[in-house]
Amino acid sequence: DKSAESFINSLKTDTKNKYIEDNKKLLMNAAFALYNNGITAYNKKDYSRAIECYSKIIDIIPYDDTKTLARNNVSDGVLYINCYYAAVEMKDMNKAKKYLDKLINIGYNDPLIYVYMSRILVGEKDTVAALSYIEKGR
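This structure is a prediction, so every number in the text was calculated from the model and none was measured.

Q: Any details on the overall build of the chain? Residues and values, ideally.
A: From N to C terminus, the chain includes eight helices and zero strands. When its C-alpha atoms are laid out on the principal axes, the chain stretches across 55 × 30 × 25 Å. Within the chain, the fraction of its 138 residues that count as buried is 38%. Sequence-distant contacts in the chain: of pairs separated by 6 or more residues, those separated by 24 or more amount to 51%.

And the structure:
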């Protein structure tokens, strides 16, 4: 966590672009470590820590000019869906809806996100909104 923050701060303050390439490479290593930590936390049922790790990677993605993360199947969509699953395990439906909204807004290509959202809304007794998400998913 701290190394990722340090590399981001270094990139932001390196006005002469003297260490930009090294910092970006090291930042990608930190992102992969965070991803692994997120998976480990999820498997240990530490869902809030998993969300924390995935959220930090989302902050790193804009610095990935070479698409290293995307080539390794670490994208904002994958991270948001993982955050959604963790939020559901925590039974925090407000967070779950937030992550589903983010997936919908980025055009994540999985129709199940609309089903997931409609199920949450049915649980909240909002069948009109639930049906609208089913329509959007079609």
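After that view of the structure, there is still more to cover.
Q: Describe the environment of Leu-112, listing the residues and the values that go with them.
A: Note that Leu-112 resides in helix 7 (residues 112-123). Taking the C-alpha atoms as reference points, Leu-112 and Asn-37, 75 residues apart in sequence, are found 26 Å from one another.

Q: Got a sec to walk through the packing of helix 2 (residues 20-43) against helix 3 (residues 47-60)? Specific residues and values, please.
A: Running from N to C, helix 2 and helix 3 point in directions that differ by 160°, and their axes come no closer than 8 Å. In this view, helix 2 runs roughly antiparallel relative to helix 3, as classed from their interaxial angle. As for how helix 2 packs across helix 3, the hand of that crossing is left-handed. Touching Leu-27, Met-28, Ala-31, Leu-34, Tyr-35, Asn-37, Gly-38, Ile-39, Ala-41 and Tyr-42 of helix 2 are Tyr-47, Arg-49, Ala-50, Cys-53, Tyr-54, Lys-56, Ile-57 and Ile-60, all from helix 3. Counted by class, the contact of helix 2 with helix 3 contains 14 nonpolar, two polar and two charged residues.

Q: Describe the pattern of salt bridges, and please don't skip the residues or the numbers.
A: If you walk through the whole model with that rule in mind, you get eight salt bridges. Of the charged contacts in the structure, one is a salt bridge between Lys-56 and Asp-1, with a shortest N-O distance of 3.3 Å. You can see Lys-56 sitting in helix 3 and its partner Asp-1 sitting in the segment before helix 1 (2-13), a full 55 residues away along the chain. In this structure, Glu-5 engages Lys-56 in a salt bridge whose closest nitrogen and oxygen atoms are separated by 3.4 Å. Separated by 51 residues along the polypeptide, Glu-5 in helix 1 and Lys-56 in helix 3 bring together distant segments of the chain. Taken together, the salt bridges that share partners define one network made up of Asp-1, Glu-5, Arg-49, Glu-52 and Lys-56.

Q: Go over unusual backbone geometry with me, naming the residues and quoting the values.
A: If you check the backbone angles, Asn-73 has positive phi at about 60° while not being a glycine. Residue placement: Asn-73 occurs in the loop between helix 4 (68-71) and helix 5 (76-89).

Scoring rules and cut-offs
- Residues numbered from 1 in each chain as written.
- Predicted model: local features only at pLDDT ≥ 70, side-chain atom pairs only at ≥ 80, totals over all residues.
- Heavy atoms only, no water.
- Helix = DSSP H or I, 4+ residues; strand = E, 2+ residues; numbered from the N terminus.
- Buried < 20%, exposed > 50% of the residue type's maximum accessible area, 1.4 Å probe, protein only.
- Contact = heavy atoms within 4.5 Å.
- Axes fitted to C-alpha atoms, helices over the stretch in contact; angles between N-to-C directions.
- Parallel < 35°, antiparallel > 145°, perpendicular 65-115°, else oblique.
- Left-handed = near helix turned anticlockwise from the far one by under 90°.
- Nonpolar A, V, L, I, M, F, W, Y, C, P; charged D, E, K, R; others polar.
- Salt bridge = Lys/Arg side-chain N within 4 Å of Asp/Glu carboxyl O.

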